[in-house]
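A structural walkthrough
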Amino acid sequence: MAANFFSANPSTKKLGKEKERVVDPNLQPWVEKYRPKTIDDVSSQEHIVAVLEKTLNSTNLPHMLFYGPPGTGKTSTILALSRQLFGPDNFRTRVLELNASDERGISIVREKIKNFARQTPRAQTVASDGKTYPCPPYKIIILDEADSMTQDAQGALRRIMETYARITRFCLVCNYVTRIIEPLASRCSKFRFRPLDSSSTTTRLQYIAATEQVAVTPPVISTLISTSSGDLRRAITYLQSAARLSAASIPPTEITARDIQEIAGVVPDSVINGFARTLGIDVPAGVDESGDVEMADAPNGSLRGFELVQEKVKALMREGYSASQILTQFHDLVILHPTLNARQKSNCALIMAEADKALCDGADEELWILEVALRVNKAVA
Amino acid sequence: MLWVDQYRPKTLKDLHYHEGLSQRLKSLAASGDFPHMLFYGPSGAGKKTRIACTLRELFGPGVEKLKIDQRVFLTPSRKKLDVNIVQSNYHIELTPSEVGNYDRVVIQEILKEIAQTQQVDLNAKQRFKVVIINEADSLSRDAQAALRRTMEKYMSNMRIILCANSTSRLIAPIKSRCLLIRVAAPNHKEMKTVLEYVAQSARAGKIPDEAAEDIVRDSNGNMRKAILVFEALKMQTPDLSGPLSIAKPDWETYCHKVGDMILQEQTPQRVMDVRAKLYELLSHCIPPTIIIKTVAERVVQGVDESLKADIMHWAAIYENRMRIGSKKIYHLEAWVVKVMSLYKHFFYDMDMSGFEDGF
Ligand SMILES: Nc1ncnc2c1ncn2[C@@H]1O[C@H](COP(=O)(O)OP(=O)(O)OP(=O)(O)O)[C@@H](O)[C@H]1O
Ligand SMILES: [Mg+2]
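Residues numbered from 1 in each chain as written. Chains lettered and ligands numbered in written order. Predicted model: local features only at pLDDT ≥ 70, side-chain atom pairs only at ≥ 80, totals over all residues. Heavy atoms only, no water.

1. Some points on the interface of chain B and chain A
For clarity, the threshold we go by: For this analysis, residues touch if any pair of their heavy atoms sits within 4.5 Å. Buried area is understood as the total, over both parts, of accessible area removed when two parts are fitted together, assessed with a 1.4 Å probe. Salt bridges are counted wherever a side-chain nitrogen of Lys or Arg sits within 4 Å of a carboxyl oxygen of Asp or Glu. Residues adjacent in sequence count toward polar contacts only when both atoms are side-chain atoms; beyond that, a polar contact is any pair of N or O atoms within 3.5 Å, and within protein one must be able to donate a hydrogen and the other to accept it. Runs of H or I in DSSP of at least four residues are treated as helices and runs of E of at least two as strands, each being numbered from the N terminus. Put simply, Ala, Val, Leu, Ile, Met, Phe, Trp, Tyr, Cys and Pro go in the nonpolar bin, Asp, Glu, Lys and Arg in the charged bin, and everything else, Gly too, in the polar bin.
Between chain B and chain A, the residue contacts involve 82 residues of the former and 77 residues of the latter. Taken over both partners, the interface formed by chain B and chain A buries close to 7000 Å², and the fraction arising from carbon and sulfur atoms is 53%. Run the count over chain B and chain A and you get eleven salt bridges. In this structure, the connection of chain B to chain A is made through 24 residue pairs in polar contact (both at pLDDT 80 or more). By residue number, the principal contributor to the side of chain B that touches chain A is helix α13 (residues 305–324) of chain B, which donates twelve residues. The residue inventory of the side of chain B that touches chain A, partitioned by class, reads 29 nonpolar, 27 polar and 26 charged.

2. Things to note about the pairing of strand β4 (residues 91–94) of chain B
Residue and element names in this part refer to chain B. Filter applied, for reference: Think of it this way: DSSP has to see at least two bridges between two strands before they count as a pair.
Relative to β4, strand β3 (residues 80–87) runs antiparallel, the two being bridged by three bridges. Directly across from Q87, in β4, lies its bridge partner I92. Turn length for the β3-β4 hairpin, with the two strands adjacent in sequence and antiparallel, is three residues. Relative to strand β5 (residues 129–133), β4 runs parallel, the two being bridged by four bridges. The residue bridging E93 from the neighbouring strand is I132, located in β5.

3. With respect to the layout of surface pockets
Selection rule: Only protein atoms enter the 1 Å grid used here. Points where a 1.4 Å probe fits but cannot escape make up a cavity, open sets with protein on both sides within 12 Å along at least five of seven lines make up a pocket, and a residue lines them when an atom lies within 4 Å of a point. Grid points are joined across faces, edges and corners, and a volume is the space filled by probe spheres set on the points.
What the second largest pocket holds in volume is close to 1500 Å³. If you trace the second largest pocket, you find 49 residues lining it, with R234(A), L170(B), I171(B), A172(B) and K175(B) closest to the centre. At the level of elements, α5 (151–163), α8 (218–228), α9 (232–248), α13 (323–335) and α14 (342–360) of chain A together with α5 (141–153) and α6 (172–177) of chain B are the ones that each hand at least two residues to the lining of the second largest pocket. A breakdown of the residues in the lining of the second largest pocket according to their chemical character gives 20 nonpolar, 20 polar and nine charged.

4. What about unusual backbone geometry?
Even without being glycine, S229(A) reaches a positive phi, approximately 35°. Assignment of secondary structure puts S229(A) in the loop between α8 and α9.

5. Topic: the domain arrangement of chain B
How large an interface is tends to be reported as the accessible area lost when its parts come together. Rules: Domain limits in this description derive from either an automatic procedure or a database domain assignment.
According to the domain assignment, chain B contains domain 1 (18–182), domain 2 (188–236) and domain 3 (250–358). Distance between the C-alpha centres of domain 2 of chain B and domain 3 of chain B: 34 Å.

6. With respect to the pattern of salt bridges
Definition in use: Three exposure classes are used, based on accessible area relative to the maximum for each residue type with a 1.4 Å probe and protein chains only: buried under 20%, partly exposed in between, and exposed over 50%.
One pass over the structure, following the stated rule, counts 33 salt bridges over all chains. In this structure, the salt-bridge partner of E152(B) is R35(A), at a minimum N-O distance of 3.4 Å. Pair noted here: E152(B) is in helix α5 and R35(A) is in the loop between α1 (30–33) and α2 (46–56), and the two residues belong to different chains. On the basis of relative accessibility, which here comes to 6%, the residue E152(B) falls in the buried class. Residue R270(B) pairs with E265(B) through a salt bridge whose shortest N-O separation is 3.4 Å. Residue class for R270(B) comes out buried when judged on its relative accessible area of 12%. One salt-bridge network, held together by shared partners, links E32(A), R35(A), E97(A), D144(A), R233(A), R149(B), E152(B) and R177(B).

7. Looking at the packing of α9(A) against helix α2 (residues 19–29) of chain B
Axes are the key here: two packed helices are described by the angle between their axes and the distance separating the axes. The following threshold applies: With axes taken as lines fitted to C-alpha atoms, and helix axes fitted only over the stretch in contact, angles between N-to-C directions fall between 0 and 180 degrees. Here roughly perpendicular refers to angles of 65 to 115 degrees, roughly parallel to angles under 35, roughly antiparallel to angles over 145, and oblique to all remaining angles.
Contact geometry for α9(A) and α2(B): axes closest at 8 Å, N-to-C directions at 100°. Considering the angle they form, α9(A) stands roughly perpendicular to α2(B). Residues S241(A), R244(A), L245(A) and A248(A) of α9(A) pack against Q23(B), R24(B), S27(B) and L28(B) of α2(B).

8. What to know about empty space enclosed by the protein
By the definition in use, this model includes three cavities of 30 Å³ or more. Estimates place the volume of the largest cavity at around 480 Å³. Lining the largest cavity are 36 residues; nearest its centre among them are R35(A), G71(A), G73(A), S76(A) and R233(A). The element best represented in the lining of the largest cavity is α9(A), accounting for five residues. For the lining of the largest cavity, the class distribution of residues is 16 nonpolar, nine polar and eleven charged. Considering only enclosed or pocket space, the second largest cavity measures out at about 60 Å³ in volume. For the second largest cavity, the full set of lining residues is E262(A), I263(A), A264(A), G265(A), R24(B), Y40(B), L180(B), I181(B) and R182(B). For the lining of the second largest cavity, the secondary structure elements donating two or more residues are α10 (257–263) of chain A together with β7 (179–182) of chain B.

So this is what it looks like as structure tokens:
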């Protein structure tokens, strides 16, 4: 019988840090399996890669601030760069990674950095893998997810950066550059990671698909791109689960664009159109819709006015679609609508902007979808 | 044991509805590169059941041998936190929101601990353990941030399954790291099938069509509620004949009373009375969002069509403020006053227009 989760069973082996890395790649989700190993592998961020290439051949490196939306390669890039600079043997002694899951009270951070920065780096350029690494004379401290550090902690970090400036380089990584205090940000070279453009995404996805021997058609790729909005991690996850699904069906089927939409939580057009029609927006039955079914349990025919809208919203919420997804798709429908006039569209846009803000603040989804519905209903009347 | 628990499906193929989804989960569980997941959907749609079935698909019947523990965590300021934990040899399940703002401590400790221990059961079907985090949408931002890098670094020996009602309160980097799984509420037909299955399994005889219809309509897609109500009704009226009266939960009746009070009288005194009632509801741990929604829905039933949208509008506004602000009661009360004033003005304006028209 196996030891329980927390029992202090002596056979429960603590994983050495190095050990973690040796994992059968086939047991790893693709996002990890295809994490860039060198900065050359990093897709799309050409400008950044070009600048960093240079640092590989010089002994200097500025403090850096990487920022940009999720899944665009920030963490991958700094890890790859560090590995290329120091090689596998020196990585542990030369690179310290602190992230939001570590205790980041400033005293702890200070202590960790102090300990880490103490030993002076010694170059030992030929690594056990037979390759030569530049091993420049400094250590790298990666503060990943730095935007979740408090202002105070960031303030204290300034001093720390100065104290150890001679032998350490900091790399701050975050999503929102505005959450990093100015004195800290101004000490760093800033690198902005952009959402991935469609041609790099295509190349990367096709490379992965080919390596995994999965057939993908152009419509599948373009759906992956449109549903992941520049987040390559998401695109890869969708691709993988679609691949698993298609391989498991009997007989194995091809991945379709519809599979991807389903996985990505896209609301079917028929549902959005039905919603719009309830609100008095004229939507002709499209070609896309013919195959889809209307939502089950459509509101009963005798309802009118407020109650009809309320029932429709409740039905939509029962389906569990995410409110922001509904909002995005409904927004597109309204803005691109052929006959609504500019004034009506502006009014609708105003309402949706308010709802988006409220949802980001964590407001109740049903109340806000209802709010949008009622006000759009009025705006287009 | 209650019927809901007793007749809960155990494997993916026992699940009664969303067959496509079950198929998808099965195919994912069949390969070792199972991703992190986020299950979302309305309450009572069967998210937890589906997660349990997925675990069983991953690890076999061993996951059903559960142990319930209470663990103590220490905050940095040495405060003690008690957290209930359900675990098997292969997974662990917790609800970090139990400890409010200290949820980050719990997440950090537990995940590190699990991430650093290897699966010791050599016969285990998977190399990783699964951590199920319930009510993930109430995780604080800090706790969510704490999950980010951990989810990547320890992927080789840990997978996370988040369970939430909605995705809007989760930060983008977390959503980016999970495969999102939407679990819609079952529709009427599907619910009836489940009720029939339960009736049959419990040897409760056939369930009359009208009764099933009533139960399903009352439950608004919440399968759990429907089965609970079914069992309760069966106790009261074994043959389920005649017009059934489905008892509402106390808090709901109470909220309706508050709604009626608002419409009966709009005076400072009435505001005070309503406030006492609201306090009562809050002190019974009824979530303020549920309170405002339930009261608002009651109120709109009793007012003129032209007022309904306004009342819901202000409910949306004040619910939002409640989330951002710290004292729930202020915003609930502000909304009550707003509604009273709207309602009063409505009659007042009618009177005025009446005068103008020379009546
Ligand atoms: N530019 C890229 N080139 C190649 N792969 C990428 C790129 N961006 C993301 N990926 C893929 O997505 C995964 C996650 O990327 P990474 O961890 O670098 O994201 P991040 O920018 O740090 O995101 P977050 O803000 O959520 O931490 C990688 O393992 C890789 O598979
Ligand atoms: Mg990152």
